[in-house]
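Examination of the molecular architecture
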Amino acid sequence: IEDSKFDIKTFAFTKKHELEGIIKYLTEKTGGNIHDNHTIEVTSNSINSQSDHPKFLLSPKGCYRPKTGEKYFWVCFDFKNMEIKIEKYAIKSFNSVPNIGFIKNWVIEISKDGNSWKIIDTRTDCSDLNESKIIKEFDVEENYFARYCRFRHTDDFWGYAPIYVSGIDGIEFFGSLKCPK
């Protein structure tokens, strides 16, 4: 697709504005939850309950929880007629007791078609989010504009047991957004 048919907006990461990037921009532009108003589509392979749907990652007081005991869960963001090029992303940990349920093994991957994926970041035994309600930003490898972005948890979470639930309270992407003119 020719770039002349698109506007490209850039969103830089800044401290104290860790959740103010592409998702926040689209939310303000469309006046609501960007999954509910069909700007993008957010899906997952595991949802604990309807109140834990991954669409709630798109709102300031949201949360996403996979099924209890699920370690291999993913959340996919389909930007539909737009594409993103990620330079950095931020995740907000959920509310839990120390060392229980916090994510620790994941990848961020992108795709142009939803079938072939390129991993742009891998975290293994990462303790950066092993605390309640904190926000941490992460850099990614050089990549390209893509329609899809997926967060995929790849192994145990902190304090894993089949009776515990994991999750995250927010995610944001920084870099460039390509929108039709």
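In this report, we go over the structure that sits alongside the text. (Residues numbered from 1 in each chain as written. Predicted model: local features only at pLDDT ≥ 70, side-chain atom pairs only at ≥ 80, totals over all residues. Heavy atoms only, no water.)

On to the sheet that holds strand S7 (residues 135-139), then. The strand order S1-S9-S4-S7 describes an open sheet built from 4 strands, whose pairing is antiparallel. The sheet terminates laterally at strand S1 (6-11) and S7, the two strands that pair on one side only. When strand polarity is set aside, the average angle formed by the axes of neighbouring strands in this sheet is 30°. Two elements, strand S4 (residues 83-93) and strand S9 (residues 168-180), share 10 bridges in a ladder whose sense is antiparallel. From the neighbouring strand, Ile86 faces S9, where its bridge partner is Gly175. Sitting on the sheet, helix H1 (residues 22-30) is in contact with S1, S4 and S9, with an inclination near 75° to S9. (Pairing = 2+ DSSP bridges. Helix = DSSP H or I, 4+ residues; strand = E, 2+ residues; numbered from the N terminus. Axes fitted to C-alpha atoms, helices over the stretch in contact; angles between N-to-C directions. Contact = heavy atoms within 4.5 Å.)

Take the pattern of salt bridges next. Should the charged atoms of two oppositely charged side chains come close, the side chains can pair. The tally for this structure, following the rule as stated, stands at 15 salt bridges. Close ionic contact of Glu137 with Lys15 constitutes a salt bridge, the shortest N to O distance being 3.1 Å. Of the two residues, Glu137 sits in strand S7 while Lys15 sits in the loop between S1 and H1, which places them 122 residues apart along the sequence. We classify Lys15 as exposed; its relative accessible area is 53%. (Salt bridge = Lys/Arg side-chain N within 4 Å of Asp/Glu carboxyl O. Buried < 20%, exposed > 50% of the residue type's maximum accessible area, 1.4 Å probe, protein only.)

Strand order in the open sheet formed by 5 strands is S2-S3-S8-S5-S6, with antiparallel pairing between adjacent strands. Two strands in the sheet have a free side with no partner beyond their single neighbour: strand S2 (41-44) and strand S6 (118-123). Here the strands of the sheet are splayed against their neighbours by 15° on average, with no regard to which way each runs. Where S2 meets strand S3 (residues 74-78), 4 bridges bridge the pair, whose relative direction is antiparallel. In the strand pairing of S3, Val42 is matched with Phe77.

Take the pairing of S4 next. On any regular strand, side chains alternate: one points to one face of the sheet, the next to the other face. Most of S4 sits inside the fold, with 8 of its 11 residues counted as buried. Pairing of S4 with S7, which is carried by 5 bridges, proceeds in the antiparallel orientation. Paired with Ala90 across the two strands is Glu137, which belongs to S7.

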